[in-house]
Amino acid sequence: MSKSINKINSTAVPVHLENVDTDQIIPARFLKATTRDGFGDNLFRDWRYNSDGTPKKDFILNNPTYSGKILVAGKNFGCGSSREHAAWAIKDAGFDVVISSFFADIFRNNALNNFLLPVIVSEDFLQLIFAAIQKDPKTIISVDLEAQTITLNGTSQTFEINNYKKTCLLNGYDDIDFLLNLKPEIEAFEQKQ
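(A) Molecular detail of the pairing of strand β3 (residues 70-73). Residues Ile70 and Val72 point to one face of β3 and Leu71 and Ala73 to the other, with burial holding for every one of them. Summarising the sheet, strand β2 (residues 12-15) and β3 pair through four bridges and their orientation is parallel. Looking at the pairing, proline 14 lines up with valine 72 of β3. One ladder, built from three bridges, connects β3 with strand β4 (residues 97-100); its direction is parallel. From the neighbouring strand, isoleucine 70 faces β4, where its bridge partner is valine 97. Note on the crossover from β3 through helix α3 (residues 85-92) to β4: the handedness is right-handed.

Written out as structure tokens, the structure reads:
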């Protein structure tokens, strides 16, 4: 399975809530696992399921009308504790992109380190996305990492990303893969010294 991300054209799941913290994304009681697998089952656990484990019909992730590789979230997504498990849960649930008008810094960095692209858009553009999905859940959002654009119904906006992380996502590199890719250049530099 390739970890690289370039162009994502997908429908989206809207979580139209602000200030969603990492404990709401993945509750602390599920942080005992030592691998990244299975966290998607507990994404938004307390919002998705009743205490007896049955799905809450009114939570968006339990509504089959909404699907896709893009999660659209309200402002200040990923605030709270620094748990990397929040990015693991979103990625394990099948999302490659999270869109919001603001991400907590630690969450944004954890997402980038786990091949989950956090796209920051203006508040106005975010509200356009929510309105488009509400009107038509099959609305396609196009995210082009190389061009750093997000497009909705012919309207585009650019987004910022660190060049290093952009290179890593485009090539499916983690930090070690990135250095290994530079090995010939590093060796050539050393031989000149």
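(B) Structural detail: the pattern of salt bridges. Here the structure, examined in full by the defined rule, presents five salt bridges. With a closest N to O distance of 3.8 Å, aspartate 96 and lysine 69 form a salt bridge. Placement of aspartate 96 in the loop between α3 and β4 and of lysine 69 in the loop between α2 (45-48) and β3 is noted, with a sequence separation of 27 residues between them. Lysine 91 serves as the salt-bridge partner of aspartate 96, at 2.6 Å between the closest nitrogen and oxygen. We classify aspartate 96 as buried; its relative accessible area is 14%. In the salt-bridge network here, residues are joined through shared partners; they are Lys69, Lys91 and Asp96.

Cut-offs applied
- Residues numbered from 1 in each chain as written.
- Predicted model: local features only at pLDDT ≥ 70, side-chain atom pairs only at ≥ 80, totals over all residues.
- Heavy atoms only, no water.
- Buried < 20%, exposed > 50% of the residue type's maximum accessible area, 1.4 Å probe, protein only.
- Helix = DSSP H or I, 4+ residues; strand = E, 2+ residues; numbered from the N terminus.
- Pairing = 2+ DSSP bridges.
- Right-handed = clockwise from strand over helix to strand, strands pointing away.
- Salt bridge = Lys/Arg side-chain N within 4 Å of Asp/Glu carboxyl O.

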